[in-house]
Amino acid sequence: MDEILPSTDIPAVEFARRKKHKPDCEVPAWSIMAEDGKLPPWKMVQDAAKKTCVDCSLCDLGSMMICADCPAIELLELLMEQVDEEN
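Undergrad: Even after reading the chapter, I still don't get the overall build of the protein, so can you show me in this structure?
TA: Scanning the protein from terminus to terminus reveals 4 helices and 0 strands. What you see in the protein, going N to C, is helices and strands ordered as α-α-α-α. Within the protein, buried positions represent 33% of all 87 residues. Within the protein, residue pairs in contact and separated by at least 24 positions form 71% of the contacts whose partners lie at least 6 positions apart.

Undergrad: Teacher, can you tell me more about the packing of aromatic side chains here?
TA: The geometry of an aromatic ring pair is captured by two quantities: the separation of the ring centres and the angle between the planes. Scanning all chains against the criterion turns up 1 aromatic pair. Consider the rings of Trp30 and Trp42, whose centres lie 4.6 Å apart with planes at 65°: the pair is edge-to-face. Of this pair, Trp30 sits in helix α2 (residues 27–35) while Trp42 sits in helix α3 (residues 42–55), and the two are 12 residues apart along the sequence. Overall, Trp30 belongs to the buried group, its relative accessible area being 0%.

Undergrad: What is the right way to read the environment of Val45 from this model?
TA: Its location among the elements puts Val45 in helix α3. Exposure remark for Val45: the relative accessible area of 7% places this residue in the buried category. Along the backbone, Val45 and Val13 are 32 residues apart, and their C-alpha atoms lie at a distance of 9.1 Å.

Undergrad: Sorry, what's going on with the pattern of salt bridges here?
TA: Where charged atoms from two side chains of opposite charge come close, those side chains can pair. All chains considered together, the criterion is met by 6 salt bridges. Of the charged contacts, one joins Lys20 and Glu81 as a salt bridge, the two residues approaching to 2.7 Å between their closest N and O atoms. On the criterion of sequence distance, the pair formed by Lys20 in the loop between α1 (11–19) and α2 and Glu81 in helix α4 (residues 71–86) is long-range, its members being 61 residues apart. The exposure class assigned to Glu81 is partly exposed, which follows from its relative accessible area of 29%.

Undergrad: How should I be thinking about the nonpolar core in this particular structure?
TA: Generally speaking, soluble globular proteins have nonpolar side chains that are buried together. Judged by nonpolar contacts, the single largest core of 20 residues is most densely connected at Ala12, Trp30 and Leu76. Where this core is concerned, the elements lending two or more residues are α1, α2, α3 and α4. With 6 residues, the top contributor of residues to this core is α4. Residues contacting Leu76, with those up to four places away along its chain left out, are Ala12, Val13, Ala16, Val45 and Ala49.

Parameters at a glance
- Residues numbered from 1 in each chain as written.
- Predicted model: local features only at pLDDT ≥ 70, side-chain atom pairs only at ≥ 80, totals over all residues.
- Heavy atoms only, no water.
- Helix = DSSP H or I, 4+ residues; strand = E, 2+ residues; numbered from the N terminus.
- Buried < 20%, exposed > 50% of the residue type's maximum accessible area, 1.4 Å probe, protein only.
- Contact = heavy atoms within 4.5 Å.
- Phe/Tyr/Trp six-rings, centres within 6.5 Å; stacked < 30°, edge-to-face > 60°.
- Salt bridge = Lys/Arg side-chain N within 4 Å of Asp/Glu carboxyl O.
- Core = buried A, V, L, I, M, F, W, Y, C linked by side-chain atoms within 4.5 Å.

Shown next as structure tokens:
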């Protein structure tokens, strides 16, 4: 199994987590929903978020203020809300 990275290693995940006032994403709850086909596997989401951040032209300036309107963060927030609604 691939290593699950701490959210602090992926700015979009970290900033979405902070905006939702959540501890690191509840991987077990996410995994159950992924097994049911309701969400993609968490590792896939992490990899996509990390690539999105690395490819962003503002990556070196990344902060809560700079990234506030990032659609990747909004997407992650929506996915996190789905996990909350199911639990």
